[in-house]
Structure formats: structure tokens, C-alpha cells
Amino acid sequence: MNMRTRVGIIGAGPAGLMLSLLLSREGIDSIILERRDREEIEATIRAGVLEQGTVDLMTEMGLDERMKREGLVHHGIELRFDGEGHRIHLSELTNGRAFTVYPQHEVLKDLIAARLNEGGQILFNVKDVQLADISSSQPRIHFSREHEQSELQCDFIAGCDGFHGVSRPSLPEAEQHVFTRTYPFGWLGILMQAPPSADELIYAYSERGFALISTRSPDLQRMYIQCDPDDDIANWSDEMILEELQARLATTNNWQLRVGPITQKSILAMRSFVIEPMQYGRLFLAGDAAHIVPPTGAKGLNLAVADVRHLAHALKMSYTQNRAELLEAYSTTCLRRVWRAEHFSWWMTSMLHRFPDDDTFYPRLQRAQLEYTVRSRAAATSLAENYVGLPFTW
Ligand SMILES: Cc1cc2nc3c(=O)[nH]c(=O)nc-3n(C[C@H](O)[C@H](O)[C@H](O)COP(=O)(O)OP(=O)(O)OC[C@H]3O[C@@H](n4cnc5c(N)ncnc54)[C@H](O)[C@@H]3O)c2cc1C
């Protein structure tokens, strides 16, 4: 079966879905090819922190109804070390900007519903996706669906298929300039059915390692502890996890963790990764397909949204005004912001985690950095403006 569209999008994650919605607002048609089914996508627990810019974009696009109702707006975060909590007043330091906790799978439910309601095509459960002729003016995507081989002809391909997708490996090897860092620790993440233990997110540095108290809703809490990235989750009983959380978050004024049943637990590795450039011929990479950040800075989803906002605008200028320069500059434009977020995520990660190979000199540097961040308005402002998100055009 042969099909045709202007922009063929691979992947129905935040990048692919947001791109197709932005394009449709400009009258540019697209088709999304997605490997998984809708139920699985809408049930996968991942990110939860939306920068102010992401929230504003969803609002402008009329995608904010549930987010406004169910999302939790946060004006600060806590940095906790040596048994004391220190509030970073994000809004006061950034002219009223804030972030919203609204889970990624809820964002995806909203984006999928919006795209389907306007008659958009998302082909779920596709297999064997392969890109062809990406350096020509008529790139194609081959795929199979329900045992039928199909071809999608397009003007442009957007590779929005995440870190393990097929788009990035389709670039010629000589064009792939990769910059990467793997951290010697991972995060053990849990979902717990319990009320929130705090009004705001807590980033805790302790001699036993990093811990993060986050939230998903008034009844469901997300928490993480630093762990060995090669550890097996089967080695961690619920009791061990709770004990570790309590020990790492303990304060001199006897702060209490509110506990309940743990409904999900897993270990994720931490890495930084960037490919340059993010485009080749008629293929444009966006989101995790092009870059990964450790989750400490809560930037992954937000970077994906920023990329496709640039891409949608550049495609609009190309189609409506025959101006190709924004498309040509796509990679350079995105990478400026990507590297800023890479630095912030690396910086937060380096400040807050114990590094197994250095337990003398480095911890003292970390404590000095933490004290500087909570005592100096300039240092706190730097954290705040990065955390709530820098402007899309940076
Ligand atoms: C545990 C965890 C916590 C996180 N917390 C945060 C946070 O707090 N804040 C934040 O901003 N970010 C966070 N992130 C990162 C964030 O989830 C990602 O950066 C974000 O999902 C990237 O979106 P994307 O659309 O680029 O890629 P993805 O969400 O990975 O979507 C890619 C899509 O492409 C599909 N696909 C893959 N291969 C193919 C193929 N061959 N053919 C067709 N389809 C394919 C996949 O099924 C998937 O649906 C977190 C990530 C994890 C794992």
C-alpha cells in the first residue's frame, strides 16, 4: 500500500505528537507511524515536570483543559543536605515563572485525543520501519502493519522515535558525531499510593546517596534513590527502599515520609548523549532520538517539545514563504538550547549524587556548591531560571 503526506513522523511520543499538532495548526499534513499500541503508550510512566514554556505552548494550542484541572503548579523546590531543607523560591527568582507536575502519560493522552479528534492519522502497531532516500527530495518510509507492506512517501521525515529508534542509525555513519557520558550510578524509581510527604519536590544529598521526592497526583507519589545502575530490582524489597528513603531524607526536625503500598519499581541507568548535527538531507531528529539527559534536571520531555516547536516553524516558513534558511539552521538552533540543558542536567547530577570513586575530595566540593546555591541569590537564580526553563529561542 502506498501513502503520501508532507511530513512523515516516526514515533508517537511527546515530540512526534506535538509536531503533528503544531503542523496541523499551520495546515501542513503529516502521518505518525508508531511501533506500540495506544494503551501501552498511555500507560507508560516517565516524566512529570513541565517547564513554564511547555505549559504555555499547550495552553496556546488549547491542550490545557485537563492539565489546568489536574496538574500541580509548583513555585519552588527544596534542596536538602546535612539534615536541613533549603527552599529555592523559583517564581520569586524568575519573575513569576513556575513549573507544573503533570505526568507524561497524561500529556500523551491529551495529545493523542486532540490529534485523532481533528482527523489526524496515527498508525499504531507498525513494524519494520525503514527510512529510504533521506538525502533526496522525496524521502520514503517503509513499514508493515497487520502483515501488509506499506510505503509512505513524504517531503520530509521527522525522526521522533526516541533513543532506541531507527531514525538516528539511518544517518550515514560519517555524519554521526556523538558526544556521550555514562554515570556510575542509576535511579531506583518507585510509585507509591500515599499522600504527598511534602508540598514541593525535595532533592536530597546525603552520604548514602541522592534521593528525590516527587509527586504525580494527590494520591500517587514518585520517589527515587540513587543506586548501582547494574543492580537487579529483585534485590530491593519494599522495606529496604523505604528505609533508604527515610535515611537519606532524615532531618534534624524529624521530617516524616508518608508511606503506602509501592505499586511499581524499576532501575534506570543515567546518561548524557547528543548527536550532531540533528539533521541530514530531509531527515530531522527531535527529542530523545537526538539527545538524552540524566533526569535530575527534568529536561527530557521539555527539550523534545522545544525541538519540534522549532521544526514546525521552520517547515511552515519553508512551505508558506519558500524560505529554507530556518530548516537549514534547525540543528544549530536546537543544539544551542540542548547543550544548555545538557550542562544544567549534568550540573544538578554532579552536585547531588555520590560518586563511588571519590568519597573525600569531591563530597567537599559538592557541599560547597550546595551551600553557595542556597546562600547566594545569584547562584539560586541560575538554578531557578534553568529549572523553570529558558526561552524556546535561546
Ligand atoms: C523514568 C524517567 C523519568 C523521566 N522524568 C522526566 C522529567 O521529569 N521531565 C522531563 O522533561 N523528562 C523526563 N524524562 C525523559 C522523557 O520521558 C523523555 O525525554 C521524553 O519521553 C522524550 O520524548 P520523545 O518523544 O523524544 O521520545 P519517546 O517518549 O521515547 O517517544 C518515542 C516514540 O517512538 C516510538 N518508536 C521507537 N522506535 C520506533 C520505531 N522503530 N518505529 C516506530 N515507532 C518507534 C516509541 O514507541 C515511542 O512511543 C524521564 C524519562 C524516564 C525514563
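None of these values were measured; they are calculated from a predicted model.

J.: Which residues make up the site of the ligand, and what values go with them?
T.: Within the structure, the ligand sits among 32 residues, and Ala-15, Glu-34, Gln-104, Asp-288 and Leu-301 are positioned closest to it. Separating an oxygen atom of the ligand from a backbone N or O atom of Ala-15 is a distance of 2.9 Å. Contact between the ligand and Ala-298: an oxygen atom at 3.2 Å from a main-chain N or O atom of the residue. Computed on the free molecule, the ligand has an accessible area of 1000 Å², of which 89% lies beneath the protein chains in the complex. Among the secondary structure elements, those contributing two or more residues to the shell around the ligand are α1 (14-25), β17 (220-227) and α8 (300-321). Among the residues forming the shell around the ligand, the class breakdown is 15 nonpolar, nine polar and eight charged.

J.: I'd like to hear about the sheet that holds strand β15 (residues 202-205), residue by residue, with values.
T.: Taken in spatial order, the eight strands of this open sheet run β7-β6-β15-β16-β17-β14-β18-β21, and their pairing is mixed. The open sheet terminates on both sides in strands that have one partner only, identified here as β7 (84-88) and β21 (291-292). Most of the contacts of helix α11 (residues 361-375) go to strand β6 (residues 77-81), to which it runs at about 140°, and overall it touches β6, β7 and β15.

J.: For the nonpolar core, give the residues involved together with the corresponding values.
T.: If you look at the biggest cluster of nonpolar residues, it comprises 75 residues, and the most contacted ones within it are Met-18 and Leu-19. Of all the elements, α8 adds the most residues to this core, at 10 residues.

Quick notes on the rules
- Residues numbered from 1 in each chain as written.
- Predicted model: local features only at pLDDT ≥ 70, side-chain atom pairs only at ≥ 80, totals over all residues.
- Heavy atoms only, no water.
- Near = heavy atom within 4 Å.
- Polar contact = N/O pair within 3.5 Å; in protein donor to acceptor, adjacent residues only side chain to side chain.
- Areas by Shrake-Rupley, 256 points an atom, 1.4 Å probe, with all protein chains shown as cover.
- Helix = DSSP H or I, 4+ residues; strand = E, 2+ residues; numbered from the N terminus.
- Nonpolar A, V, L, I, M, F, W, Y, C, P; charged D, E, K, R; others polar.
- Pairing = 2+ DSSP bridges.
- Contact = heavy atoms within 4.5 Å.
- Axes fitted to C-alpha atoms, helices over the stretch in contact; angles between N-to-C directions.
- Core = buried A, V, L, I, M, F, W, Y, C linked by side-chain atoms within 4.5 Å.
- Buried < 20%, exposed > 50% of the residue type's maximum accessible area, 1.4 Å probe, protein only.

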